[in-house]
Amino acid sequence: LWDVQGWVGNDYHRLWLKSEGDRHETGIQALYSRAVSPFFDLQLGFRHDFEPQPARSHVVIGVQGLAPHWFEIDAAAFISDEGVVSAKLEAEYDMRLTQRLILQPRAESEVGFGDDEELGLGSGIREIDLSLRLRYEIRRKLAPYLGIGWRRAFGDTADFLELDGDDSSEFFTVAGLRFWF
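Sequence order as written defines the numbering, with residues in each chain counted from 1. Under the rules for a predicted model, residues below a pLDDT of 70 receive no local features and side-chain atom pairs below 80 are neither given nor counted, while totals for whole chains, interfaces and linings still include all residues. To get the side-chain values, take all heavy atoms of the structure and skip hydrogens and water.

Peer 1: Mind laying out the side chain of Gln43, listing which residues take part and the relevant values?
Peer 2: Secondary-structure assignment places Gln43 in strand β4 (residues 40-51). On the basis of relative accessibility, which here comes to 2%, the residue Gln43 falls in the buried class. Any N or O atom pair separated by 3.5 Å or less is treated as a polar contact, with the protein-specific requirement of one donor-capable and one acceptor-capable atom, and with residues adjacent in sequence counted only for side-chain atom pairs. At a separation of 3.3 Å, a polar atom in the side chain of Gln43 contacts the side chain of Lys18. Here Gln64 takes part through its side chain, which lies 3.1 Å from a polar atom of the side chain of Gln43. Contacts are assigned to residue pairs with any non-hydrogen atoms lying within 4.5 Å of each other. The contacts of Gln43, once residues within four sequence positions are left out, are Trp16, Lys18, Leu31, Tyr32, Ser33, Val60, Ile61, Gly62, Gln64 and Asp74. Elements are defined by DSSP. Helices are runs of H or I of four residues or more, strands are runs of E of two residues or more, and each kind is numbered from the N terminus. Burial classification: accessible surface area is computed with a 1.4 Å probe over protein chains only, and a residue below 20% of its type maximum counts as buried, one above 50% as exposed, and the rest as partly exposed.

Set out below in structure tokens:
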């Protein structure tokens, strides 16, 4: 699994590049971001999914920022080149146990407003992903983490997975390195 984000620009105008991938999905996004409030940015751009096959391209509109009580939010709507509309919401919260040890609950959900049978994606709530990560900040800009999580597919998406011989629900572990410069 990887989740990489980076931007260039200033506080009001940015170009974001985001890439995410795991054993099932791989994609990249290029987004123009404009500050619309002190804590939120409106984002417009494109996403291309390399996996699963066949590849899909999407138009993206979303918001990203810091909600009240320090919740980090990333919400986006997508329209694929096949005309299928979907949305994704990610939320995370840093709970400081000490000055260097941070527990981070994360939630991610994907909703489809149409079927894409070729990719095995149904309409309705497609997937919910809940995880808990423990991060140790060696330095503010360098922090390894360990975590556990649970992912569950729903509705037609779960049926498509089970027809392919995959589980619609799974527990997983994650280990990684968070860094920035």
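Peer 1: Tell me about unusual backbone geometry, and name the residues and values.
Peer 2: For the bond from Glu51 to Pro52, the omega torsion is 0°, close enough to zero to count as cis. On the secondary structure map, Pro52 appears in the loop between β4 and β5 (56-67). Cis peptide bonds are those with omega within 30 degrees of zero, and the linkage from Gln53 to Pro54 qualifies with 0°. By the element assignment, Pro54 lies in the loop between β4 and β5. Here the phi dihedral of His69 falls at roughly 70°; this positive angle occurs in a residue that is not glycine. Tracing the backbone through its elements, the reader meets His69 in the loop between β5 and β6 (71-80). In this model, Trp70 sits at a positive phi of 70°, which is unusual for a non-glycine residue. Secondary-structure assignment places Trp70 in the loop between β5 and β6.

Peer 1: Give a detailed account of the layout of surface pockets, specifying residues and quantitative values.
Peer 2: A probe as big as a water molecule, rolled over the atoms, marks out the empty space that is left. Of the pockets and cavities examined, the largest pocket occupies roughly 1,800 Å³. Across the lining of the largest pocket, the residue classes tally to 22 nonpolar, 7 polar and 17 charged. Buried and open spaces are told apart on a 1 Å grid over the protein atoms alone, a cavity being a set of points where a 1.4 Å probe fits but cannot get out and a pocket being an open set with protein on both sides within 12 Å along at least five of seven lines. Residues with an atom within 4 Å of a point are the lining residues. Grid points are joined across faces, edges and corners, and a volume is the space filled by probe spheres set on the points. In this classification, Asp, Glu, Lys and Arg are treated as charged, Ala, Val, Leu, Ile, Met, Phe, Trp, Tyr, Cys and Pro as nonpolar, and every other residue, Gly included, as polar.

Peer 1: I'd like a description of the side chain of Arg47, backed by residues and values.
Peer 2: Within the secondary structure, Arg47 is located in strand β4. Taking the relative accessible area as the measure of exposure, Arg47 reaches 14% and is therefore buried. Side chain to side chain, Arg47 and Asp49 meet in a polar contact 2.7 Å long. Filtering out sequence-adjacent residues up to four positions away, Arg47 remains in contact with Ile28, Gln29, Arg56, Ser57, His58, Val60 and Phe78.

Peer 1: I'd like to hear about a nonpolar patch on the surface, residue by residue, with values.
Peer 2: A cluster of nonpolar residues, Tyr136, Ile138, Leu142, Leu177, Phe179 and Phe181, forms a patch on the protein surface that exposes about 680 Å² of accessible area. Within the secondary structure layout, Phe179 lies in strand β12 (residues 169-179). Patch building starts from residues that exceed 30% relative accessible area and form no salt bridge, then joins like charges within 9 Å and nonpolar side chains (Val, Leu, Ile, Met, Phe, Trp, Tyr) within 5 Å. Each accessible area is a Shrake-Rupley estimate made with a 1.4 Å probe; only the visible protein chains count as cover when residues are assessed. The term salt bridge refers to a side-chain nitrogen of Lys or Arg lying within 4 Å of a carboxyl oxygen of Asp or Glu.

Peer 1: Would you mind going over the packing of aromatic side chains in detail, with residue names and values included?
Peer 2: The aromatic pairing rule takes the rings of Phe, Tyr and Trp, using the six-membered ring of Trp, and pairs them if the centres are within 6.5 Å, calling planes under 30 degrees apart stacked, those over 60 edge-to-face and the rest tilted. This structure, assessed with the given rule, holds 2 aromatic pairs. Ring centres 6.4 Å apart and planes at 45° place the aromatic pair Trp7 and Trp16 in the tilted group. Taking 4.8 Å as the distance between ring centres and 35° as the angle between the ring planes, the aromatic pair formed by Phe71 and Tyr93 counts as tilted. Linking Phe71 in strand β6 with Tyr93 in strand β7 (residues 85-93), this pair joins segments that are 22 residues apart in sequence. Either the NZ atom of lysine or the CZ atom of arginine qualifies as a charge over a ring when it sits within 6 Å of the ring centre and within 35 degrees of the ring normal. Above the face of the Trp7 ring, Arg14 is positioned so that its terminal group lies 3.7 Å from the ring centre. Lying across the ring of Trp16, Lys18 places its NZ or CZ 5.6 Å from the centre.

Peer 1: Provide a residue-level description of the pattern of salt bridges, including the pertinent values.
Peer 2: If you walk through the whole model with that rule in mind, you get 15 salt bridges. Note that Glu118 is salt-bridged to Arg56, the shortest N-O span being 3.0 Å. Residue Glu118 is found in the loop between β9 (101-112) and β10 (124-136), and its partner Arg56 is found in strand β5; the two are separated by 62 residues along the sequence. You can call Glu118 exposed: its relative accessible area is 56%. Given a relative accessible area of 3%, Arg56 falls into the buried group. For the salt bridge of Glu170 with Arg151, the shortest nitrogen-to-oxygen distance reads 2.8 Å. Residue Glu170 is found in strand β12, and its partner Arg151 is found in strand β11 (residues 142-153); the two are separated by 19 residues along the sequence. You can call Arg151 buried: its relative accessible area is 15%. Via salt bridges that share partners, Asp94, Arg96, Arg135, Glu137 and Arg140 belong to a single interconnected network.

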